[in-house]
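Tertiary structure, described
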Amino acid sequence: MRVLGIETSCDETSLAVVVDGKEIVEHVIRSQIDLHKEFGGVYPEIASREHFKSLIPLYQSMEETEKIDLIAVACAPGLMGSLLMGVTFAKALAFARGIPFVGVNHIEAHLYAAVMTTPLPYSFPALGLIISGGHTALIKIEGVGTYTVLGETLDDALGEALDKTGRLLDLPYPGGVHLETLAKECLSPQNIFRRPKVDGFNFSFSGMKTQALYYIRKNPPRNRAERAAIAYSFQETMFDEIAFKTRAAGEKLGVKDLFAGGGVICNERLREKLKAGGMRVHFPPKELCVDNGAMIAGLGFPVWHRKGRAGEDF
Ligand code: KG4
Ligand code: ZN
């Protein structure tokens with residue numbers, strides 16, 4: 001089954017054709033980062049207008065859309081105006097082409113990105129970890145489509161806290177990747193920050209943002225080396241928290257495999273820490289960690305088969 005996937009939940013317009021939920025035959029992404037940079041975050045109205053402008057030209061630029069059997073579209077969660085652009089486009093295209101469409105969950109798609117790019121052998125139940133700009137969650141995966149949320153953030157997502165702290169260090173938006181580069185320059189690691197104290201498998205990162213704000217106010221960095229020391233310690237503290245709870249959840253469930261997804265999973269230091277946790281760790285390639293249409297097209301296949309009819313989510 002050839003599925004066209006459409007992703008417009010935040011600031012990337014992306015379309016892809018994926019066969020049988022696994023094989024990516026075409027994938028196009030148009031990022032809006034340059035437009036949002038001056039605001040230091042995603043400007044929702046600009047985001048939806050850009051999706052509106054980009055969807056048709058991107059679709060027309062594709063070469064593999066002649067024979068498609070199904071359209072899958074990210075329908076939640078995300079920015080409402082942005083999601084509506086993708087969903088409206090998907091509905092209109094499905095009607096014009098006389099094929100069905102199905103809505104898929106963006107967070108489930110981030111998890112599925114790791115599943116679709118991992119060759120066997122792996123086994124379920126497994127542990128899932130989503131860390132993006134909007135979500136942080138540990139999930140028990142019984143199988144594709146059957147999940148139990150073990151814990152999630154009680155306030156900010158980890159990616160958001162990285163981005164906000166990047167801003168305090170005068171890094172461009174989105175700060176995560178720039179913080180990673182800066183942290184790598186740190187030559188004298190220090191323990192500046194304290195790990196959040198949250199019971200169980202939930203997370204909280206808003207206090208980390210406050211720690212960073214007060215520390216930087218009190219000790220304004222005088223040069224790049226001092227900024228690198230802050231970036232390093234901030235990343236270490238955040239990632240230790242994730243690695244500790246992920247390992248504990250894996251041990252509690254007694255599972256062998258960890259599937260990780262979401263933009264922050266691009267981070268190499270975080271990958272190192274997760275790999276040391278005793279499970280077989282499966283990361284998607286970086287272009288499938290960030291928001292993308294291939295994960296939506298891929299997930300469309302099992303979602304269609306488990307639902308068996310179009311439009312159920314709308
Ligand atoms: O999954 P994603 O593209 O969008 C959402 O669904 O939110 O994730 C975006 C987040 C941003 O917070 C961004 O700073 C972060 O992923 N990110 C990174 C890296 N690359 C992207 N964070 C840390 N290190 C990176 N290399
Ligand atoms: Zn996302």
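A few points on the structure.

Conventions we followed
- Residues numbered from 1 in each chain as written.
- Chains lettered and ligands numbered in written order.
- Predicted model: local features only at pLDDT ≥ 70, side-chain atom pairs only at ≥ 80, totals over all residues.
- Heavy atoms only, no water.
- Pairing = 2+ DSSP bridges.
- Helix = DSSP H or I, 4+ residues; strand = E, 2+ residues; numbered from the N terminus.
- Axes fitted to C-alpha atoms, helices over the stretch in contact; angles between N-to-C directions.
- Salt bridge = Lys/Arg side-chain N within 4 Å of Asp/Glu carboxyl O.
- Contact = heavy atoms within 4.5 Å.
- Near = heavy atom within 4 Å.
- Polar contact = N/O pair within 3.5 Å; in protein donor to acceptor, adjacent residues only side chain to side chain.
- Areas by Shrake-Rupley, 256 points an atom, 1.4 Å probe, with all protein chains shown as cover.
- Nonpolar A, V, L, I, M, F, W, Y, C, P; charged D, E, K, R; others polar.
- Donors = N, O, S within 2.8 Å, 3.2 Å for Na, K, Ca; no water.
- Tetrahedral: all angles 85-135°; square planar, octahedral: opposite > 155°, others 65-115°.
- Buried < 20%, exposed > 50% of the residue type's maximum accessible area, 1.4 Å probe, protein only.

As a further point, take the sheet that holds strand E8 (residues 146–152). Strands sit in the order E8-E7-E6-E9-E10 across an open sheet of five strands; the sheet is mixed. For this open sheet the edge positions go to E8 and strand E10 (280–282), each flanked by a neighbour on one side alone. On average, adjacent strands in this sheet sit at an angle of 25° to one another, irrespective of strand direction. Looking at chain direction, strand E6 (residues 126–131) and strand E9 (residues 257–261) are connected through four bridges and run parallel.

What follows deals with the pattern of salt bridges. One pass over the full model with this rule turns up 21 salt bridges. Linked through salt bridges whose partners overlap, the residues forming this network are Glu 236, Asp 240, Arg 269, Glu 272 and Lys 273.

Glancing now at the sheet that holds strand E2 (residues 12–19). Read from one edge of the open sheet, five strands run E3-E2-E1-E4-E5, paired in mixed fashion. Strand pairing shows two members of the sheet lacking a second neighbour, strand E3 (23–31) and strand E5 (101–105), which therefore form its edges. Going from strand to strand, the sheet's axes swing by 20° on average, the running direction of each strand aside. Pairing of E2 with E3, which is carried by eight bridges, proceeds in the antiparallel orientation. Note that in E3 the partner of Ser 14 across the bridge is Ile 29. Each of strand E1 (2–7), E2 and E3 touches helix H2 (residues 44–61); the most contacted strand, E2, lies at about 30° to it. Its contacts with the sheet place helix H4 (residues 106–116) against E1, E2, E3, strand E4 (70–76) and E5, and it is angled at close to 90° to E5.

For the rest of this paragraph, the subject is the site of ligand 1. Ligand 1 sits among 20 residues. The nearest are Gly 133, Asp 163, Glu 180, Gly 263 and Asn 267. Here an oxygen atom of ligand 1 and a backbone polar atom of Gly 133 are 2.8 Å apart. Gly 176 has a polar backbone atom sitting 3.2 Å from an oxygen atom of ligand 1. Bound to the protein, ligand 1 loses 88% of the 560 Å² it would expose on its own. Taken together, the elements giving at least two residues each to the shell around ligand 1 come down to H4, helix H5 (158–168) and helix H6 (175–184). By residue class, the composition of the shell around ligand 1 is seven nonpolar, ten polar and three charged.

The next thing to look at is the coordination of the zinc ion (ligand 2). Looking at the zinc ion (ligand 2), the protein donor atoms are His 106 (NE2), His 110 (NE2) and Asp 291 (OD), and they sit 2.0 to 2.1 Å from it. Taken together, the four donor atoms coordinating the zinc ion (ligand 2) span angles of 96 to 135° at the metal, a pattern that classifies the geometry as irregular. Written as a sequence motif, the donor arrangement for the zinc ion (ligand 2) is H-x3-H-x180-D. One end of the pair is His 106 and the other is His 110, both in helix H4 and four residues apart, which spans about a single turn. Pair check on accessibility: His 106 and His 110 agree, each one buried.

Such coordinate-based values are descriptive only and should not be taken to indicate function.
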